[in-house]
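So the chains spell out like this:
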Amino acid sequence: MKPVLSAEVAAAIADGRPVVAMESTIYSHLGLPSPANREALDRCSAAIRDGGCVPAVTAILDGVVRLGLTDAEHERILGPARKVAERDIAVAVAQKWDFGATTVSAAVSIAAAGGVSVFATGGIGGVHRGAELTGDISADLDAIASYPVVTVSAGAKAFLDLPRTLEYFETIGVPVLGWKHEWFPAFYTRSSGLKVPHQVQAASEVADILLHRSRAKTGVLLTVPIPVEAELDAAQLDAVLAQALVDCEAARIRGAAVTPFVLGRIGQATEGRSVPANLALAENNARVAAEVAVAIATR
Ligand code: PSU
Ligand code: MN
C-alpha cells in the first residue's frame, strides 16, 4: 500500500521538514458532532502549523489512500463515512469507497508507508471490558506496535479495560510514555489511577526513544493528559460510561460497531460537556505531536 501524498506533504518529506499525520474518524460523522468536528479539524491543523509542521490528514477518498489533503478535500471528511481500520484499507481501495475514515490503526499504517513518524489523535482504542469472553481488542494496539511511528493520544476512554490495555502494550512491546505526567490518562480525565511505565519531560526524549528502540518496526505511545482546565468530573462520567455499556449489550452490538455506538451514547449523555473537552485535548495532542515531530526532524 502506497498512499498518495498531497503536494505540500510530499515537498515537506522531500526536504526533511516535519509532518504530523492525523486520522479522519474523529472529524467525520463517526466522531464528533457537527459543527464541532470542523472546529476540531481547524484547531488541530492550526496547532500543527503553529508548531512548525505540516498537517497530513489520512483518509480513503474515491478508493485512493491519501496522506495530506487540500482544504477542499477537508470538507469531504466532515460528513458521513465508513470506518476503516488497517485491515479495511485494502477493501476500501478495491471497492472504491467514496470516503473511508481512518481509525488509529489505519492512520498509523498510512503514516509509516508515507515516511511520517508522528501521528496525533484524540483517544486510542483498547482492550474492551469483557474481552476475555468477546475477544474484542482494538486493532489500534497491534498497529501501534507494528510501525515506527509515535502515536500521541490522551490515553483511552474509561469504558475500556484500561489495566488490560496497559498489560497488552507491555506484551506486544510498545513503550508507553507519559508526557510530563506519571498517570495513564483516561481521555476526559487526567488520570486512570494507573501509572505509566515511563515519564518523559521533553520532545527530544521521545525522539531519542524512537531512535533507540530495538526492533525496527515498533511504535511508541505518548500519552498526554487533557489540559487541567478542560478536565471532566470522573465520578459523573462513571455512571455515563456504565450505562453506555449496558445499552450496547442490550442492543447486541458487536465488532467494529461497538466503539462508535458507545461513543455516541457518551456524547448524548454528557451533552455539551464532552465536546469542549474533546476539542481541547485533541488540539493539545496536536501541539505536543508537532513538538515531537520537530525534535525528530532536527536530530
Ligand atoms: N476512542 C475515542 N474516540 C474515537 C475512537 C476511539 O475516544 O474517535 C475511534 C478512533 O478512530 C479509534 C477507533 O482508532 O475508534 C477504535 O475503534 P475500535 O475500538 O473498533 O478498534
Ligand atoms: Mn473491536
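The structure we're discussing is the one just above.
Now for a quick tour of the structure. (Residues numbered from 1 in each chain as written. Chains lettered and ligands numbered in written order. Predicted model: local features only at pLDDT ≥ 70, side-chain atom pairs only at ≥ 80, totals over all residues. Heavy atoms only, no water.)

**Remarks on empty space enclosed by the protein**
Item 1. The full count for this structure, using the stated rule, is one cavity of 30 Å³ or more.
Item 2. By volume, the largest cavity amounts to about 40 Å³.
Item 3. Surrounding the largest cavity, M22, I26, Y27, C44, I48, A120, T121, G122, A282 and A286 form its lining.
Item 4. Contributing elements (two or more residues each) for the lining of the largest cavity: α2 (36-50) and α12 (274-297).
Item 5. Grouping the amino acids of the lining of the largest cavity by side-chain chemistry returns eight nonpolar, two polar and no charged. (1 Å grid on protein atoms, 1.4 Å probe; cavity = no way out; pocket = protein on both sides within 12 Å on 5 of 7 lines; lining within 4 Å. Points joined across faces, edges and corners; volume = space filled by probe spheres on them. Helix = DSSP H or I, 4+ residues; strand = E, 2+ residues; numbered from the N terminus. Nonpolar A, V, L, I, M, F, W, Y, C, P; charged D, E, K, R; others polar.)

**Remarks on unusual backbone geometry**
Residues other than glycine predominantly adopt negative phi, and peptide bonds predominantly adopt the trans conformation.
Item 1. Along the chain, S34 connects to P35 via a cis peptide bond; the corresponding omega equals 5°.
Item 2. With respect to the secondary-structure elements, P35 resides in the loop between β2 (19-22) and α2.
Item 3. With phi around 50°, K180 is a residue other than glycine that occupies positive phi space.
Item 4. For K180, the location among the structural elements is in the loop between β9 (176-179) and β10 (198-200).
Item 5. By relative accessible area, K180 is classed as partly exposed at 47%. (Buried < 20%, exposed > 50% of the residue type's maximum accessible area, 1.4 Å probe, protein only.)

**Considering the nonpolar core**
Item 1. The biggest cluster of nonpolar side chains holds 58 residues, and the ones touching the most others in it are I124, F169, L221 and I266.
Item 2. Not counting residues within four places of it along the chain, the set of residues in contact with L221 comprises I124, I144, T151, S153, F169, V174, P175, V176, L177 and F184.
Item 3. Core analysis: the second largest hydrophobic core is formed by 44 residues, F99, A203, V220 and A295 among them. (Core = buried A, V, L, I, M, F, W, Y, C linked by side-chain atoms within 4.5 Å. Contact = heavy atoms within 4.5 Å.)

**Thoughts on the pattern of salt bridges**
A side chain with one charge may pair with a side chain of the opposite charge, provided their charged atoms come close.
Item 1. The full count for this structure, using the stated rule, is 15 salt bridges.
Item 2. Note that E8 is salt-bridged to R49, the shortest N-O span being 2.8 Å. In this pair, E8 is assigned in helix α1 (residues 7-15) and R49 in helix α2, connecting sequence segments 41 residues apart.
Item 3. In this structure, R17 engages D15 in a salt bridge whose closest nitrogen and oxygen atoms are separated by 3.2 Å.
Item 4. Residue classification places R17 among the partly exposed positions, given a relative accessible area of 39%.
Item 5. Connected through salt bridges with shared partners, the residues E39, R43 and E283 form a single ionic network. (Salt bridge = Lys/Arg side-chain N within 4 Å of Asp/Glu carboxyl O.)

**Quick word on the site of ligand 1**
Item 1. Of all residues adjacent to ligand 1, which total 13 residues, the nearest are K83, S138, D140, K157 and T259.
Item 2. In the environment of ligand 1, an oxygen atom lies 2.8 Å from a nitrogen or oxygen atom belonging to the backbone of V104.
Item 3. T259 is positioned with one of its side-chain polar atoms (N or O) 2.5 Å from an oxygen atom of ligand 1.
Item 4. Coverage of ligand 1 by the protein amounts to 90% of the 470 Å² it exposes when considered alone.
Item 5. Looking at the shell around ligand 1 residue by residue, the classes come out as three nonpolar, six polar and four charged. (Near = heavy atom within 4 Å. Polar contact = N/O pair within 3.5 Å; in protein donor to acceptor, adjacent residues only side chain to side chain. Areas by Shrake-Rupley, 256 points an atom, 1.4 Å probe, with all protein chains shown as cover.)

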